[in-house]
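Observations on the model geometry
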Amino acid sequence: MQRPTDNVTVRQGDTAVIRCYVDDRVSRVAWLNRSNIIFAGRDKWSLDPRVELVTKGQLEYSLRIQKVDVYDEGQYTCSIQTKELSRTSQVFLIVQVPANIYKVSEDITINEGGNVTLTCLASGRPDPMITWRLLNPSAEPLDGEEYLDISGITRTQAGRYECKASNDVASPDVKYVNVIVNYAPFIKDTKSSDPQVGRMGVLQCEASAIPKPEFKWYRDDKRLSNGQGISIQMMGSRTLLLVSNVTEEDYGNYTCVATNRLGIHNASVFLYRPGAANNMSGAVAVSQSLWLLLGSLTCLLLKC
């Protein structure tokens, strides 16, 4: 007589106990694995030191396997024989293995607009599920499993990517890939100045770029350098042009140029005469008002 097969699930490296119970009518009992005898009665046939019997009195005849590995997985049979009949109790040992990421992409640097494929390969039993996230403030899951494809990458997609492999056997395995996106300079902020004659004028220019931008200052077509009342300071992604002891000839338009190997961007920065900046803003406002008035009159004439 054969009982239905039971399952015992254990994690790799743990101890498995496969239960079998007998009664006092038993004349012979044995443990087998894949038709190989492990124990016959209390005599051990297996040479594996990890395997031992668990007996409590005469009613239990269980098998203990220490430091279980994947090759221990399979069917184990407890064979029991009495004077009247023989029966078997079968147990299938399932060995689970925690998720392990064994290959992940190296950190990568790429130019904006390029295509990127990030790789994350993992093993485990059952097969692990692989997920990706870009660790920006939202950190939302990305569409990708073993391979994460990014087409036409932008600067906003730069950052630290997280690959997580999980199969609920143990804590997920996590690895990271840093992606740096190079892009041409973009001047995102300028600050003009309106110093009085004899005072210092400070012009500021700030650019965003990877690799870090190099800055140059021009007055008309002439490149400026340190000396003769001019001081240029470089502060990472920002530059300052300091004009000491401003004269009438110093007022006017200056050009900030930011460059790296991917491109160039420039912007105008002004050294205004005192009050000129406010007058210019007022002139712009008056001009806008006149255009609005003209538009209203035209609309009335055309009966729109």
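Residues numbered from 1 in each chain as written. Predicted model: local features only at pLDDT ≥ 70, side-chain atom pairs only at ≥ 80, totals over all residues. Heavy atoms only, no water.

As a further point, take unusual backbone geometry. Cis geometry marks the peptide bond from Arg125 to Pro126, where omega comes out at 0 degrees. With omega at 0 degrees, the peptide bond leading from Ile210 into Pro211 counts as cis. Along the chain, the position of Pro211 falls in the loop between β17 (201–210) and β18 (214–219). The residue Ser35 is not glycine, and still its phi comes out positive at about 70 degrees. Along the chain, Ser35 turns up in the loop between β3 (26–33) and β4 (36–40). Backbone geometry at Lys67 places phi at a positive 50 degrees, although glycine is not the residue there. In this fold, Lys67 is placed in the loop between β7 (62–65) and β8 (74–82). Owing to a relative accessible area of 64%, Lys67 belongs among the exposed residues under this scheme. (Helix = DSSP H or I, 4+ residues; strand = E, 2+ residues; numbered from the N terminus. Buried < 20%, exposed > 50% of the residue type's maximum accessible area, 1.4 Å probe, protein only.)

This part covers the state of the cysteines. The bond known as a disulfide is covalent and runs between the sulfur atoms of two cysteines. Throughout the structure, instances matching the rule amount to three disulfides. The disulfide bridge from Cys205 ends at Cys256, spanning 2.1 Å between sulfur atoms. Looking along the S-S bond of the Cys205-Cys256 disulfide, the torsion reads about -80 degrees, which is the left-handed sense. Here Cys205, found in strand β17, pairs with Cys256, found in strand β22 (residues 252–260); they are 51 residues apart in sequence, far enough to count as distant. Like Cys256, Cys205 is buried. (Disulfide = S-S within 2.5 Å.)

Okay, the pattern of salt bridges next. In a structure, side chains of opposite charge can pair up when their charged atoms sit close to one another. This structure, assessed with the given rule, holds eleven salt bridges. Its salt-bridge partner being Asp48, residue Arg50 comes within 2.7 Å of it at the nearest N-O pair. With a relative accessible area of 13%, Arg50 lands in the buried category. (Salt bridge = Lys/Arg side-chain N within 4 Å of Asp/Glu carboxyl O.)

Trp31, Leu63 and Tyr76 are the most contacted members of the largest nonpolar core, which has 20 residues in total. Looking at this core, the elements that each hand over two or more residues are β2 (16–18), β3, β4, β7, β8 and β9 (86–104). Discounting residues that sit within four places of it in the chain, Leu63 has contacts with Ala16, Val17, Ile18, Trp31, Ile38, Phe39, Val51, Glu52 and Tyr76. (Core = buried A, V, L, I, M, F, W, Y, C linked by side-chain atoms within 4.5 Å. Contact = heavy atoms within 4.5 Å.)

Take the sheet that holds strand β19 (residues 222–223) next. Spatial ordering of the open sheet is given by β19-β18-β22-β23, a layout of four strands whose pairing is antiparallel. Each having just a single partner strand, β19 and β23 (263–271) make up the two edges of the open sheet. Across nine bridges, the pairing between β22 and β23 is antiparallel. Looking at the pairing, Thr259 lines up with Ile264 of β23. (Pairing = 2+ DSSP bridges.)

Mapped onto the fold, Leu53 is located in strand β6 (residues 51–54). Taking the C-alpha atoms as reference points, Leu53 and Trp31, 22 residues apart in sequence, are found 9.5 Å from one another. Contact partners of Leu53, with chain neighbours within four places excluded, come to Trp31, Phe39, Gly41, Arg42, Tyr61 and Ser62.

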